[in-house]
Amino acid sequence: MNTVCVVGSGYVGLVTGACLAELGNRVVAVDVDAERIELLRRGEVPFFEPGLEELVRRMSASGRLTFTTSYATGAAKADVIFLCLPTPPLPNGAADTSILRTAVEELAPLLQAPYPVVVCKSTVPVGTCATLHRLLEQISPLLGAVPVVANPEFLREGSAIADFMHPDRVVIGSHAPGCAALVEALYKPLNAPILTTGLKTAEMIKYASNAFLATRISFINEIANICEHVGVDVAGVADGMGSDKRIGPSFLRPGVGYGGSCFPKDVQALAHLGAIHGVQPRLLRSVMEVNADQGKRVLHKLRTQLGRLDGATVAVWGIAYKPNTDDIREAPAVEIMRLVEQEGGTVRAYDPVAMPKAAALLPTVTMCADPYAAAAGADAVLLLTEWNEFKGVDLTRLATLMRRSILIDGRNAVDPGRAAAAGFHYAGIGRGSVPEPPALSPVEPNGRVDAIAAVPVPV
Ligand code: UGA
């Protein structure tokens, strides 16, 4: 049984800690937020992640998972210390690693030989782990003997426990062979391929993976946008492409764009990393531009159907940036709701779990008890997160509740045939049938994309 300290009880740290406890380790989870630690001690998880609360409670009851605000308690007896701390974007797009550095400064005086392995799980710019190692050495030359390992996470919100327990691969980067042996041993019970690399390679694998997935999404969104104009359904195109083993089917679902706390931040940080080294990140910039436009395209569709948003009531179904999470960070729905309101529309929204968080951010939006309540008296429904419950909605009943039967499906979650049979004017993404206004988001000479909100509303 290894003793593991996990610094940071956010989404990554908590999943990592609870899963490592499940694998038989003694885990001490540290967080500076005393309120959060109290909540966790009571068995409550401060965000929605399927199965996590139950796992935390079970591991706490087994005695293998404990919580503390004290670095000293966490570091004492630790064989491995995982750093699972945020690296939020700075105004210039770079990732801010100051929280990590502060944690290392706090930990340094507490470390004693035989030293634990320090593992960085946070997504960090290339070179950060080496910098953290140098920082330890500066604090005390003896601490140069502390192994620093890069072990990026590939967990998706909503399926994080399954992703931890059944990873496609585990990436472990270190500066010398052998440094990572203990970390490899922790993952051994998962029977997953373990890739051992250099420190910088591991850091880059994380950014490149997220940027590639984001690129696939922007690619299929652009293909979907073209499909709309040439009368082709993008679903068939994605199927046909995805059946090619070299391409594969994942991340080819068109929609209102990617969001969340990872893709937007990481693509931006990688672009920044390229730019400061003189590599113009043209492709990454295009990925971001397509993504910024994609959410606003549904507003175009709405204007096309309604004529104008001023005075209209719009029901928004789904606020979270994707299903199975209450995370609304960089959620396309948040920006879209703001734009509807800016144009004089009234928004009534429903999301199965994200409403408490959204209500604080969008005080003028009426949060409703279910999808039907949101749609009552509305001129249009905008479906922005593909929660399963929206797929089974009784469209005939829905039509009777609404002022006008318009359904803009930003995630292609509803069958267009069913929608038409219930009398809806339906528009999905790339489903080929809806005529679109021609002009969209002219790119300015400096590469910035004009807000679609600036496109005149037809009267
Ligand atoms: C992503 C990665 O998938 C994880 O591997 C990574 O560990 C994580 O970021 C991170 O860096 O922490 P996550 O943000 O939880 O995970 O969510 P995804 O399931 O990857 O979805 C991201 C966004 O892409 C969502 O807004 C989703 O709606 C969108 N998406 C995804 C599409 O629009 N189309 C697709 O085909 C797939």
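Cut-off values and rules
Residues numbered from 1 in each chain as written. Predicted model: local features only at pLDDT ≥ 70, side-chain atom pairs only at ≥ 80, totals over all residues. Heavy atoms only, no water. Helix = DSSP H or I, 4+ residues; strand = E, 2+ residues; numbered from the N terminus. Rg over C-alpha atoms; globule rule 2.2 N^0.38 Å. Buried < 20%, exposed > 50% of the residue type's maximum accessible area, 1.4 Å probe, protein only. Contact = heavy atoms within 4.5 Å. Areas by Shrake-Rupley, 256 points an atom, 1.4 Å probe, with all protein chains shown as cover. Lys, Arg positive; Asp, Glu negative; His and termini not counted. Charge placed at Lys NZ, Arg CZ, Asp CG, Glu CD. 1 Å grid on protein atoms, 1.4 Å probe; cavity = no way out; pocket = protein on both sides within 12 Å on 5 of 7 lines; lining within 4 Å. Points joined across faces, edges and corners; volume = space filled by probe spheres on them. Nonpolar A, V, L, I, M, F, W, Y, C, P; charged D, E, K, R; others polar. Domains from an automatic or database assignment. Buried area = accessible area lost by both parts, 1.4 Å probe. Salt bridge = Lys/Arg side-chain N within 4 Å of Asp/Glu carboxyl O. Polar contact = N/O pair within 3.5 Å; in protein donor to acceptor, adjacent residues only side chain to side chain. Phe/Tyr/Trp six-rings, centres within 6.5 Å; stacked < 30°, edge-to-face > 60°.

(A) Examining the overall build of the chain more closely. Secondary structure assignment for the chain yields 18 helices and 14 strands. Taken over C-alpha atoms, the radius of gyration comes to 24 Å for the chain, in line with the 23 Å a tight globule of 459 residues would show. Across its three principal directions, the C-alpha atoms of the chain cover 75 × 50 × 40 Å. Within the chain, buried positions represent 54% of all 459 residues. In the chain, 73% of the contacts between residues at least 6 apart in sequence involve partners at least 24 apart. Surface accessibility of the chain: about 19500 Å² in total, with carbon and sulfur atoms responsible for 56%. Charge centroids of the chain, computed over 41 positive and 46 negative side chains, lie 2 Å from each other.

(B) View of empty space enclosed by the protein. Enumeration over the complete set of coordinates arrives at two cavities of 30 Å³ or more. In this model, the largest cavity occupies a volume close to 60 Å³. For the largest cavity, the full set of lining residues is Cys120, Lys121, Ser122, Thr123, Val124, Cys129, Ala150, Asn151, Pro152, Glu203, Lys206 and Tyr207. Looking at the lining of the largest cavity element by element, the count peaks at three residues for helix α9 (residues 199-230). The residue inventory of the lining of the largest cavity, partitioned by class, reads six nonpolar, three polar and three charged.

(C) Up close: the domain arrangement of the chain. When its domains are assigned, the chain resolves into domain 1 (3-192) and domain 2 (233-459). Computed over C-alpha atoms only, the centres of domain 1 and domain 2 are separated by 35 Å. Counting residues at the interface gives 15 residues for domain 1 and 16 residues for domain 2. Of the roughly 1300 Å² buried at the junction of domain 1 and domain 2 (both faces included), carbon and sulfur atoms supply 55%. Counting across the interface, domain 1 meets domain 2 through one salt bridge. A salt bridge links Arg329 to Glu157; the nearest nitrogen and oxygen atoms lie 3.7 Å apart. Linking domain 1 to domain 2 there are five residue pairs in polar contact (both at pLDDT 80 or more). Of the residues belonging to the side of domain 1 that touches domain 2, the class tally is eight nonpolar, five polar and two charged.

(D) Seen up close, the side chain of Thr123. If you trace the backbone, Thr123 turns up in the loop between β5 (117-120) and α6 (128-139). Note on Thr123: relative accessible area 8%, which makes it buried. Polar side-chain contacts of Thr123 include one of 3.0 Å to the side chain of Lys206. Look past the residues within four positions of Thr123 in its chain and what remains in contact with it is Thr87, Glu153, Lys206, Tyr207, Lys265 and Asp266.

(E) Summary view of the side chain of Glu203. Residue placement: Glu203 occurs in helix α9. Separated by 2.7 Å, the side chain of Glu203 and the backbone nitrogen of Cys129 make a polar contact. Once residues lying within four places of it in the same chain are set aside, the contact partners of Glu203 are Val124, Pro125, Val126, Gly127, Thr128, Cys129 and Ala150.

(F) Expanded view of the packing of aromatic side chains. The full count for this structure, using the stated rule, is six aromatic pairs. Ring plane angle 35 degrees and centroid distance 5.9 Å describe the contact between Phe164 and Tyr187, whose orientation is recorded as tilted. Taken together, the residues span a long stretch of sequence, with Phe164 in helix α7 (residues 160-165) and Tyr187 in helix α8 (residues 181-187) at a distance of 23 residues. Accessibility classification places Phe164 together with Tyr187 in one group, the buried group. Taken together, a centroid distance of 6.1 Å and an interplanar angle of 75 degrees make the contact between Tyr350 and Phe390 edge-to-face. Residue Tyr350 is located in strand β10 (residues 346-350), and its partner Phe390 is located in helix α16 (residues 388-391); the two are separated by 40 residues in the primary sequence. According to the relative accessible area criterion, Phe390 is buried, its value standing at 0%. An aromatic cluster is present here, built from Phe251, Tyr258 and Phe263 joined pairwise through their rings.

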